[in-house]
Structure formats: structure tokens, C-alpha cells
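# Chains, contacts and geometry: an overview
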Amino acid sequence: MNKGNNRSRQTEIIVIIPVYNCERYVKEATKSVLAQPYRNIFIVLVDDGSTDGSGRLCDELVMESDQVVALHQRNTGVSAARNAGIEYVFEHFKGSCQAQYIAFLDADDGWVSGFFSDGTDELLKKGYDLIGFQSGYCDAKLRLRGTPCEMPPGPHKGGQDNVWLHGKQSFGAMLYSKAFIQANGIFFFDELKYSEDKIFSMECMYLSKSIYLENRLLYLYRHTGSSAMHQRLYGIPYYESIINGYIKLDKLMREHSDGENLKPLMEARILASLYIMEMLAEHFQLLRSKKKIDKILAENTRYIDLLEASGEYSDLRPNPVYVQYRNHPYLYITYNNLIGGIKLCKRTIYKLWNSKRKSCF
């Protein structure tokens, strides 16, 4: 990439954009970055085995700008795609300027116009591990809906107590110091398709020494029916990998904890316990069998330890919902069966009413 003398003295921002079958939006997302007044921004497009025209569009964007590169790989998921981007940054952006930051943008989202200005470099040169901004929910045309959540502005330290300071924002509304990410070996968990962003954010907030938060809207999250959350699996297939992700995060962060300067990351264990019970509730709301849940719990003894606060999880409190389930399983199952039945009836009535309304026109 060609960098002028002025640009080479500025801090670099490298934006990683995973792309999978997002032909409709990827150009808009890329342009929202390239149009920023701050010119020392580069983009790594990672085509994750797209089967539409997304891969071709990525190559066209490379031809249009020396600020863009494109990687192509077989479809291995959004976490692996982001990791490929991180590896590329480590290999090809080797510190030719004072500092470098990595940012993440999904191919169907965008940045606020004119957010990064010439004065941005003054903030970046202060050397924070993480610099966080606000995100906002938008409609399909990327028009803001609602007011972004506010955060306590200014400098902060990381660690257990501040893990959720940026928790109400998209993880994409954050700049991550390349040196910090590299020194701590932080990557996304390849096997995760859901909650991978929150787990990544928690790890960064926990390990960081310095964080700066600013209540300015940067990240525009496009809320459409084609997003990963709207197309997710239900019941065990959805929750199991998330639960295992938080268990893995807990194990990794225990290795970093010294009990004094860096307290253990309790949230990872607590969230794993909560997600186990959400899995059970959704499983029974889908009117599925107890036998399958018994098998899952028998095969994953850590799940029981988490729920009962035993073994290596004795620093927790027993999950009260699990205690109810354990003591009165069929009462718990019947209750969730009823909730699931009501939801099914509502969906059926809505579909019938909607189809009847359309037939009248």
C-alpha cells in the first residue's frame, strides 16, 4: 500500500470486514470507511467463501483504492474470518508509524459519516489499549432508530470491575491497539458463530491496562431479518457452543488472574450458568424431550458443576432456576411447554392474519 509522508507519520487504523454473501451492502460499508476525513485508514476485506457476487465486489474495491486489500478463503465462519484478518494485520502492518489500531466492521453495517477527522490522531497517539465509542441500531436503510446508550466517558482501567463499561455498545464501536492484541494473543474463538463478539470484547476489557470511552456515535448496526441472530438455530445447537465459549474464556482468564491486581473474571462463569438454563428453557419451549437434556448434562459434567456451584466453580452460588428444575423437573418442563405453546399459537395467528390481509389487496 502506498502511504504518503504525512500519512506515514499518523497512527494507522486497519478495519477488518468479514464478508459472506453480503453483495448488497459490502460496498456501502467499505465506502463509509474510505470516506472518512482521516486518511490513514486501511481495510482488510475477508471473503469467507461467499457464493454470491461478494467476492468479485471485494476485488473490485481493491482495484478502486490502494487503501483496500482482499483475502479469500473457504467458508469457515465469521470468527475464523476475523482471525484471518488479524493475522494479516500482524504480518503486513509491522509498525511503520507511531501506533496502529484494529477496528471491526460487519459487511452490512457502517460508520457515521465524517467521524474520524484530522484531529483523531491526537487521541490515538495517547496509546490507550482500547478506545470505545457508541453504536446505534438502525433500520434496513441504515437510518438510526432510538438513542445510543451512554457510557462513563474518559480514561479507565481494565479488569474484572470494568468488563461491562462498553457492554451496551457493539464491539465494533471500539478501536483495539494492535500491540495490545498481539501481546496478549487475543483472537476470536473459531468455533463460535454467536456471542463471539461479546466474548472477544470481555477478554479485551479484562486484560487491558488503559481504556478511553467517548460518547460519540460511530457504529451503525443494520437491523435486518437476514442478520445472524435472526437466522440462528434454536435450542441446544444454538446455546451449546456459546456455553462452551464462556467456559473456555473463564479457563483462559484464570491463567491471567493473580487474584490481586487482576481478579478472576467471574462474569464468564456466571454467564455460562445462565446460558445453560436458557438452553433448557428454550429446549422445552420447543416441546422437545427431557431425555435429550439428561444426555447433554450427563456428558458435560462441568455444566452440573456450574449449576450446582461445585468443584472448580465452588466460588459461585447455585443457580436458583436449576435448583427448581432439579427438585421439580416436570413442573419446570410443563411451565416452559405452556410458554412455548402460547408462542406457537401467537406466531400461527399472526401468519394467518398477515396472509389474509395481503389477500385483500
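Below: a short report on this structure.

Conventions adopted
- Residues numbered from 1 in each chain as written.
- Predicted model: local features only at pLDDT ≥ 70, side-chain atom pairs only at ≥ 80, totals over all residues.
- Heavy atoms only, no water.
- Axes fitted to C-alpha atoms, helices over the stretch in contact; angles between N-to-C directions.
- Helix = DSSP H or I, 4+ residues; strand = E, 2+ residues; numbered from the N terminus.
- Parallel < 35°, antiparallel > 145°, perpendicular 65-115°, else oblique.
- Contact = heavy atoms within 4.5 Å.
- Nonpolar A, V, L, I, M, F, W, Y, C, P; charged D, E, K, R; others polar.
- Buried < 20%, exposed > 50% of the residue type's maximum accessible area, 1.4 Å probe, protein only.
- Pairing = 2+ DSSP bridges.
- Expected span 1.5 Å × (residues − 1).

## Overview of the packing of helix α9 (residues 266-285) against helix α12 (residues 320-327)
The geometry of a pair of packed helices is captured by two quantities: the angle between their axes and the separation between those axes. With their axes 10 Å apart at the nearest point, α9 and α12 run at an angle of 50 degrees to one another. As far as their axial angle goes, α12 and α9 are oblique. On the side of α9, the interface is formed by M277, L280 and F284, while α12 contributes V321, Y322 and Y325. Residues that form the contact of α9 with α12 fall into these classes: 6 nonpolar, no polar and no charged.

## A short note on the pairing of strand β6 (residues 130-138)
Along a regular strand, successive side chains alternate from one face of the sheet to the other. Where burial is concerned, most of β6 is hidden: 8 out of the 9 residues are buried. Two strands pair when backbone bridges link them, and β6 and strand β8 (residues 174-177) are joined in this way by 3 bridges, in the antiparallel orientation. The residue bridging I131 from the neighbouring strand is L175, located in β8. For β6 and strand β9 (residues 211-222), the ladder comprises 8 bridges, and the chain directions are parallel. By the bridge assignment, C138 is partnered in β9 with R222.

## What about helix α4 (residues 78-92)?
Note that an α-helix has 3.6 residues per turn; residues three or four places apart therefore point the same way. Taking 1.5 Å per residue as the helical rise, α4 with its 15 residues ought to reach 21 Å, and the 21 Å between its terminal C-alpha atoms agrees with that figure. Considered for burial, the residues of α4 that qualify are S79, A80, A81, R82, N83, G85, I86, Y88, V89 and F90.

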